[in-house]
Amino acid sequence: MDRYHWLLVFHVLGAFLVLGGAVFGGILNFFAMQRERPSEVVVLYRMVRIAVSSIAVGMTLTLVFGLWLIGDLDFVKWSDAWVIIALILWVVANAIGGVGGKREKATRELAEQLAAAGDAPSAELRARMRDPLTLALSWGSGLVVIAILALMIWKPGS
Amino acid sequence: MLAIIRPDAWNFPLFLHVLGATALTGATAAVFVGAVSERQWPWLRTVVARTLLLVVFPAWLLMRLAGQWIDSKEDIPGDPGWLGVGFLVGDAGLVLLILAMIFGAVAVRRPQRSWPIRAVAIITGIYFVALIVAMVAMTGKPGA
């Protein structure tokens, strides 16, 4: 494989870690909402941390190798509209995913407290897991990443 | 940047193919983690079985059908190895996923047996690695 293909492999590996991690986290989040006992919610929310690590590593790989590819290729320019939009969306996805993640961490900590204090089903925990703002931030971040994938494939304006 | 020069007509099937492949990889990883952790939390068997049926299999369908759609548009000369790896992981993957879904259902219906959920963990672990190998082969196109 030549240099271009190696860079592309690591760039796409990053995309797989991000999108795969988002699906991984989304599945566990969905099933956590179906559970009543706080200790069961804790188990699923702790597994979500694997997805968070995968997304963090993937986001870094996509940026580093994406920028490297732009610098390496003559026919892709820093000023291309799709490159600029993709970079802005990358920042947006990280920002809203980060805020959503902090809110979910607070929910996990509440579940841990409830699990330690008798493990009884809690209306507050149920409401936190279904909080519309938290869900919109987390799922919205995933949708922004899908929009970046679409930009990478269609490359509008190039 | 998935490819630089490509007819516009390939974009939509490629988008679906990559979306399906990434969802399949993430969902397979979730099933593997759930199946491995089941010994400590047996209720995870339901999560594993439902994820296989409701996420992994639909994602495989999206990945495979969109891949076939691209193949019908693209005239690749010869039978390059990277394409063969993609087809092998795609098609053999269906057999593995059907087995995993059967074992997953048995694990839920027969909670006293542990071998079916172990089988799911082994199958999805192997398939996850195969998906990463296929991704590297199809992106890097070694020998092309």
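Throughout this document, residue positions are counted from 1 along each chain, in the order its sequence is written. The order in which chains are written sets their letters, starting at A; the order in which ligands are written sets their numbers, starting at 1. Given that this is a predicted model, residues contribute local features only at a pLDDT of at least 70 and side-chain atom pairs are listed and counted only at 80 or more, while totals for whole chains, interfaces and linings are drawn from all residues.

What follows deals with the overall build of chain B. Counting secondary structure elements, chain B contains 4 helices and 0 strands. A run of DSSP states H or I qualifies as a helix once it reaches four residues; a run of E qualifies as a strand once it reaches two. Both are numbered from the N-terminal end. When the helices and strands of chain B are placed in sequence order, the string is α-α-α-α. Its C-alpha atoms give chain B principal-axis dimensions of roughly 55 × 25 × 20 Å. With C-beta atoms placed from the backbone, the exposure class of a residue follows from how many other C-beta atoms lie within 10 Å of its own: 20 or more, buried; 12 or fewer, exposed; in between, partly exposed. In chain B, which comprises 144 residues, the share counted as buried stands at 43%. By the convention adopted here, residues make contact when the C-beta atoms placed from their backbones lie within 7 Å. The long-range fraction of contacts in chain B, counting pairs at least 24 apart against all pairs at least 6 apart in sequence, stands at 78%.

Here we come to the overall build of chain A. Broken down by element type, chain A carries 5 helices and 0 strands. For chain A, the succession of helices and strands along the chain, N to C, is α-α-α-α-α. By sequence separation, contacts in chain A at least 24 residues apart represent 83% of the contacts at least 6 residues apart.

This part covers the interface of chain B and chain A. Counting residues at the interface gives 27 residues for chain B, matched by 33 residues for chain A. Listing elements by their share of the side of chain B that touches chain A, those giving two or more residues are α1 (11–37), α2 (44–73) and α4 (115–140) of chain B. Asp, Glu, Lys and Arg are counted as charged, while Ala, Val, Leu, Ile, Met, Phe, Trp, Tyr, Cys and Pro are counted as nonpolar; the rest, among them Gly, fall into the polar class. Classifying every residue of the side of chain B that touches chain A gives 19 nonpolar, 7 polar and 1 charged.

Residue and element names in this part refer to chain A. In this analysis an axis means a line fitted to C-alpha atoms, helices contributing only their contacting stretch, and an angle means the value between N-to-C directions, from 0 to 180 degrees. Contact geometry of helix α1 (residues 3–34) with helix α2 (residues 38–72) gives a least axis separation of 7 Å together with a crossing angle of 155°. As the angle between them shows, α1 and α2 are arranged roughly antiparallel. Where α1 crosses over α2, the two elements pack in a sense that is left-handed. Note on terminology: angles under 35 degrees are roughly parallel, angles over 145 are roughly antiparallel, angles of 65 to 115 are roughly perpendicular, and the others are oblique. By the definition used in this description, the sense in which the near helix is turned from the far one sets the handedness, with an anticlockwise turn below a right angle giving left-handed and a clockwise turn giving right-handed.

A few words on the environment of A:H5. On the secondary structure map, A:H5 appears in helix α1. Taking C-alpha positions, A:H5 is 37 Å from A:E104, a pair spaced 99 residues apart along the chain.

As a further point, take the environment of A:S39. Residue and element names in this part refer to chain A. Structurally, S39 can be placed in helix α2. Residue classification places S39 among the partly exposed residues on the basis of 14 C-beta atoms within 10 Å. Sequence-wise, S39 and G118 are 79 residues apart; in three dimensions their C-alpha atoms are separated by 9.5 Å. For S39, the contacting residues outside a window of four places in its chain are A115 and D119.

Another aspect to go through is unusual backbone geometry. One non-glycine residue, A:D119, lies in the positive phi region at around 60°. Look at A:D119 and you get partly exposed, because 15 C-beta atoms sit within 10 Å. Of note in the backbone geometry, B:K141 takes a positive phi value of approximately 45° without being a glycine. Residue position: B:K141 is located in the segment after α4.

The subject of this paragraph is α4(B). Here α4(B) contains 26 residues, and its C-alpha end-to-end distance of 37 Å stays within 8% of the 38 Å for a straight helix at 1.5 Å per residue. Phi turns positive, to about 45°, at B:K141, one or two residues after α4(B). Expected helix span is computed as 1.5 Å times (number of residues minus one).

Glancing now at the nonpolar core. One recurring pattern in soluble globular proteins: nonpolar side chains tend to sit buried together. Put simply, a nonpolar core is a cluster of buried Ala, Val, Leu, Ile, Met, Phe, Trp, Tyr and Cys residues tied together by C-beta atoms within 7 Å. Counting residues in hydrophobic clusters, the biggest one holds 78 residues, and the most contacted among them are B:A27 and B:V120. Per-element accounting of this core gives the leading share, 16 residues, to α1(A). Not counting the four nearest positions on each side in its chain, B:A27 is found in contact with A:V23, A:I27, B:T51, B:V55, B:V56 and B:A59.

Turning next to the confidence of the model for chain B. All names here are of chain B. Residues of chain B with pLDDT of at least 70 account for 96%, and the chain-wide mean is 92. pLDDT expresses how confident the predictor is about each individual residue, on a scale running from 0 to 100. The least confident element of chain B, judged by mean pLDDT, is helix α3 (residues 81–109) at 94; the most confident is α1 at 97. Predicted complex metrics record ipTM = 0.93 and pTM = 0.93.

Put simply, helix α5 (residues 132–154) of chain A and α1(B) touch, their axes get as near as 10 Å, and they point 140° apart. The orientation of α5(A) with respect to α1(B), classified from their angle, is oblique. Our pair here, α5(A) against α1(B), has a crossing hand that is right-handed. Contacts between α5(A) and α1(B) involve A:I146, A:L149, A:A150, A:I153 and A:W154 from the first element and B:N11, B:L14, B:F15, B:V18 and B:L19 from the second.

As a further point, take the environment of B:V120. Residues and elements named next belong to chain B. Looking at where V120 falls in the secondary structure, it is placed in helix α4. Overall, V120 belongs to the buried group, with 29 C-beta atoms counted inside 10 Å. Each C-alpha atom, one on V120 and one on G34, is 9.7 Å from the other, the two residues being 86 residues apart in sequence. Residue contacts for V120: discarding those within four places in its chain leaves V31, A35, V48, A100, F103, G104 and A107.

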